[in-house]
Amino acid sequence: MKLVYMGTPDFAVPALEALAKAGHTIEYAVTQPDTVRDRGKKVKFPPVKEKALELGIPVLQPEKIRKNEEFLSLIEEAAPDAVIVAAYGKLLPERLLKTPRLGCLNIHGSLLPRFRGAAPIQAAIIEGDRETGITIMHMEKGLDTGDMIAKAATPIGRKTGQQLHDELALMGAELIVSTLEDIEAGRAERRKQDDALSTYAPMIAKEDGHIDFTETPDRIERKIRAFDPWPGTFARLGDRTFKFWEAEVIDRDPGAEPGTVLAAGNEGLDIAAAGGILRVLQLQAPGKKRTRAADYLRGNSIEIGSVLR
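Residues numbered from 1 in each chain as written. Predicted model: local features only at pLDDT ≥ 70, side-chain atom pairs only at ≥ 80, totals over all residues. Heavy atoms only, no water.

**Quick notes on the overall build of the chain**
Thinking step 1. Secondary structure assignment for the chain yields eight helices and 17 strands.
Thinking step 2. Viewed in the frame of its principal axes, the chain has a C-alpha envelope of about 70 × 50 × 30 Å.
Thinking step 3. By residue count, 51% of the 309 residues in the chain fall in the buried class.
Thinking step 4. Long-range pairs, those at least 24 residues apart, make up 65% of the contacts in the chain with a sequence separation of at least 6. (Helix = DSSP H or I, 4+ residues; strand = E, 2+ residues; numbered from the N terminus. Buried < 20%, exposed > 50% of the residue type's maximum accessible area, 1.4 Å probe, protein only. Contact = heavy atoms within 4.5 Å.)

Okay, structure coming up:
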């Protein structure tokens, strides 16, 4: 098929590579503009641009796509059979949705209609879902509301956000290739989503990583995994901010107010939470690298009875 591919971050790279390897003609890779780092000294390409250049695919990086006559005309002139979208970062205007013969297909990182929105991978971990997956969806004007074409599921277990992200990116690559084969062969079926079952996963902000110890230790532990590597979870002890990267739950009445340090030693850092205890196994002190909590506590003291906020 003749395709236009739209995506930006690492999540979108495996599908671009898989579609090219499967023999599809990718007219353009559309991605967000480059970013500037280090006070303007270094330009950083989006991961999809890096892969597209490696594959010899022309790259488009419009600042905006809505009412962008030049960009929309280029896509129309390319006359793609389908536009494939994976974490592009902007809503598509109706004109673009109507351009390809087979429509615009989205690779979404959840089992729709659960977790529409920008952060479905993290949301599935935080909410304690047993499984999540990939949905290939026919796009329409609403946010992740279009008809579903294919799904693939995977158990969550104790995976971190990064581990689940990487697994789903590869699953999405495999599923979009097989879905296009099914569409071409006339085997694909579109199924409407049940809006009554929909949930929403909003974009994550850095401050979302701030730990609230009035939550249960189970939920906090899931948040620690979900927000690894970004934005990370953190709490403040006086003027110091600690990041937490791994934890487990101790099912015991803490007998103290949430956030109170109960123990700090060879087993880790035990902190009171709502109805139980959070044992931090890996942390990061200000200006330091990640380390096992027990190793940090051998050379640094955290006072029992102090309170993390």
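**Let's talk about the pattern of salt bridges**
Thinking step 1. Tallied over the full model, the rule gives 26 salt bridges.
Thinking step 2. A salt bridge links Glu167 to Lys159; the nearest nitrogen and oxygen atoms lie 2.8 Å apart. (Salt bridge = Lys/Arg side-chain N within 4 Å of Asp/Glu carboxyl O.)

**Some points on the packing of aromatic side chains**
Thinking step 1. This model, assessed by the stated rule, comprises one aromatic pair.
Thinking step 2. Aromatic side chains Phe242 and Tyr296 sit 5.9 Å apart centroid to centroid with 80° between the ring planes, which places their arrangement in the edge-to-face category. Taken together, the positions of Phe242 in strand 13 (residues 240–250) and Tyr296 in helix 8 (residues 293–299) put the pair 54 residues apart, joining distant regions of the chain. Considered together, Phe242 and Tyr296 belong to a single accessibility category, that of buried residues.
Thinking step 3. Taking NZ or CZ as reference, Lys49 lies 3.8 Å from the ring centre of Phe45, over its face.
Thinking step 4. If you follow Arg290 out to its NZ or CZ, it ends over the ring of Trp245, 3.6 Å from the centre. (Phe/Tyr/Trp six-rings, centres within 6.5 Å; stacked < 30°, edge-to-face > 60°. Lys NZ or Arg CZ within 6 Å of the ring centre and 35° of its normal.)

**Overview of the nonpolar core**
Thinking step 1. Ranked by internal contacts, the top residues of the largest apolar core, which has 44 residues, are Tyr5, Leu19, Ile84, Ile107, Ile134, Ile136 and Ile176.
Thinking step 2. Ranked by residues supplied to this core, first place goes to helix 6 (residues 161–185) with nine residues.
Thinking step 3. Contacts of Leu19, omitting those with residues within four sequence positions, involve Leu3, Tyr5, His24, Ile26, Ile84, Ile176, Val177 and Leu180.
Thinking step 4. Core analysis: the next-biggest nonpolar cluster, separate from the first, contains 22 residues, Ile220, Leu278, Val280 and Ala293 among them. (Core = buried A, V, L, I, M, F, W, Y, C linked by side-chain atoms within 4.5 Å.)

**Let's talk about the pairing of strand 13**
Thinking step 1. Strand direction decides the pairing type here: strand 12 (residues 233–237) and strand 13, joined by five bridges, are antiparallel. Looking across to strand 13, one finds that Arg236 is bridged to Thr241.
Thinking step 2. With seven bridges joining them, strand 13 and strand 16 (residues 276–284) adopt antiparallel strand pairing. Counted as the bridge partner of Phe244 is Leu283 from strand 16. (Pairing = 2+ DSSP bridges.)

**Some words on helix 2 (residues 47–55)**
Thinking step 1. Of all the residues in helix 2, the buried ones are Val48, Lys49, Lys51 and Ala52. The buried side chains of helix 2 occupy one side of the element, clustering within an arc of 165° when seen end-on.
Thinking step 2. Packed against the buried residues of helix 2 are strand 1 (2–7), helix 1 (13–21), strand 2 (25–30) and strand 5 (59–60).
Thinking step 3. Positive phi shows up at Gly56, right after helix 2, with a value of about 75°. (Arc of directions from axis to C-beta.)

**Let's talk about the side chain of Arg225**
Thinking step 1. Considering the arrangement of structural elements, one finds Arg225 in helix 7 (residues 217–226).
Thinking step 2. For Arg225, a relative accessible area of 9% gives the class buried.
Thinking step 3. Look past the residues within four positions of Arg225 in its chain and what remains in contact with it is Ile125, Gly157, Arg158, Lys159, Thr160 and Gly161.

**Brief notes about helix 1**
Thinking step 1. If you check which residues of helix 1 are buried, you get Val13, Pro14, Ala15, Leu16 and Leu19.
Thinking step 2. If you follow the buried residues of helix 1, they end up packed against strand 1, strand 2, helix 2, strand 6 (82–86), strand 7 (104–108) and helix 6.
Thinking step 3. One or two residues past the end of helix 1 sits Gly23, with phi positive at roughly 95°.

**Comments concerning the side chain of Asp144**
Thinking step 1. Here Asp144 is to be found in the loop between strand 9 (131–138) and strand 10 (148–155).
Thinking step 2. This buried residue, Asp144, is left without a salt bridge; Arg116 holds the nearest opposite charge, at 6.7 Å.
Thinking step 3. Side-chain polar atoms of Asp144 contact the backbone nitrogen of Gly117, separated by 2.7 Å.
Thinking step 4. Not counting residues within four places of it along the chain, the set of residues in contact with Asp144 comprises Asn106, His108, Leu112, Arg116, Gly117, Met137 and Gln193. (Lys, Arg positive; Asp, Glu negative; His and termini not counted. Polar contact = N/O pair within 3.5 Å; in protein donor to acceptor, adjacent residues only side chain to side chain.)

**Description of the packing of helix 1 against helix 6**
Thinking step 1. Following both chains from N to C, one finds helix 1 and helix 6 inclined at 35°, their axes separated by 7 Å at the closest point. Regarding helix 1 and helix 6, the two cross each other, and that crossing is right-handed. Along the contact surface, helix 1 presents Pro14, Ala15, Ala18 and Leu19, while helix 6 presents Ala169, Leu170, Ala173, Ile176, Val177 and Leu180. (Axes fitted to C-alpha atoms, helices over the stretch in contact; angles between N-to-C directions. Left-handed = near helix turned anticlockwise from the far one by under 90°.)

**Let's talk about the packing of helix 1 against helix 2**
Thinking step 1. Across the interface, helix 1 lies against helix 2 with an axial gap of 9 Å and an inter-helix angle of 20°. The angle between the axes of helix 1 and helix 2 places the two elements in the roughly parallel class. For the pair helix 1 and helix 2, the sense of crossing is right-handed. Residue-level contacts link Val13, Leu16, Glu17 and Ala20 of helix 1 to Pro47, Val48, Lys51, Ala52 and Leu55 of helix 2. (Parallel < 35°, antiparallel > 145°, perpendicular 65-115°, else oblique.)

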